[in-house]
Amino acid sequence: MAEKAQKFDGLSGDYDRFRPRYPEALLRRLAAMVPRKDEPQVADIGAGTGIALEGLVPLLGEHCRYTAVDVSADMVAAGRRKFPAVEWLVGGAEEFLESATGVDLVVAAQSFQWLDRPRVLRAATACLAPGGVFAVIQNNRDYRASAFLDSYESLLEELSPGYSRHYRDFDFATELRQAFEPVGGTTATDTADWTMTMRAEDFEGMAKSSTQVQRGLAAHGDELLARLRELCEKHAEDGRLSIPYHTELFTARAPGDAARG
């Protein structure tokens, strides 16, 4: 767990400021799936600074019991400042889920690839309340739709040791189906394509919040930054970059007859 924490410690400021948020249409879809109760239990695992909560709390309401878990104390401290009413825990998602019961929504936003996924899914099938939902949501830079992003991915593949643009090419839909359908659950996949426009200097800040870029900086330092700035300058229009995203929402519902919103 210490190794995971060290990947993100010290990055919370840029992470919270520059990372993209999630499309409201997908968050509304997810919020509508949560069982209707007086006090639903919601757990954000690998929560970072609470970016998913920024979209979910207004949709689900203050009456929910929110818990957010992350291995990075730095990220948790930043999240606690934003959401003091949420119970923030420093620790592993796996251990948390294995001790939890009666959870109505577990969401892994941009974090599932970092976790012990088989262990998380086993724990999720055990800890969810009847009709409860396990969700994975992730923003993916759509390098196929952008010459800038294609060049950016190539730069990382050249200068960030071990990096591949395909690092998150897992079949999450199948993983959720194999975990939940044998116990009577159901699964679904929803997607959204959208574009974020940002200043070139803000893209640099977002890039520096990435562990992959941090590895590249450790290996190549100023060379990576100089080439990133050159790339941004080449593709920016009036100092701004258009960043297309393909966002995926994978959901699994536990068996049961809980009332739904």
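Residues numbered from 1 in each chain as written. Predicted model: local features only at pLDDT ≥ 70, side-chain atom pairs only at ≥ 80, totals over all residues. Heavy atoms only, no water.

What the rule picks out here adds up to 19 salt bridges. Residue glutamate 98 is joined to arginine 119 by a salt bridge in which the shortest nitrogen-to-oxygen separation is 2.7 Å. Here arginine 119 lies in helix α7 (residues 117-127) and glutamate 98 lies in helix α6 (residues 93-99), a separation of 21 residues in the sequence. Residue classification places glutamate 98 among the partly exposed positions, given a relative accessible area of 44%. Among the residues examined, arginine 119 registers a relative accessible area of 23% and is labelled partly exposed. The partner of arginine 165 in a salt bridge is glutamate 157, with the nearest N and O atoms 3.1 Å apart. Given the relative accessible area of 15%, arginine 165 is considered buried. Residues participating in the shared-partner salt-bridge network are Asp16, Arg21, Glu54 and Lys82. (Salt bridge = Lys/Arg side-chain N within 4 Å of Asp/Glu carboxyl O. Helix = DSSP H or I, 4+ residues; strand = E, 2+ residues; numbered from the N terminus. Buried < 20%, exposed > 50% of the residue type's maximum accessible area, 1.4 Å probe, protein only.)

So, about the UniProt feature "domain: Methyltransferase type" (unreviewed entry) in the chain. UniProt tags residues 44-134 as "domain: Methyltransferase type" (unreviewed entry). Its end C-alpha atoms 10 Å apart, residues 44-134 is made of 42% helix and 29% strand. (UniProt positions renumbered as here; feature names shortened; annotations may be inferred.)

Looking now at the nonpolar core. With 33 residues, the main nonpolar core has Leu30, Leu53, Leu60, Tyr66, Trp88, Leu105 and Ile137 as its most contacted residues. Put simply, the parts of the chain that give this core at least two residues each are α3 (24-33), α4 (51-60), β2 (65-70), α5 (73-82), β4 (103-109) and β5 (128-141). Of the residues forming this core, the biggest block, six residues, is contributed by α4. Once you skip the residues sitting within four places of it in the chain, leucine 53 turns out to touch Asp44, Pro58, Tyr66, Ala68, Phe83, Val86 and Trp88. If you look at the next biggest cluster of nonpolar residues, it comprises 26 residues, including Ala43, Ile45, Ala100 and Phe180. (Core = buried A, V, L, I, M, F, W, Y, C linked by side-chain atoms within 4.5 Å. Contact = heavy atoms within 4.5 Å.)

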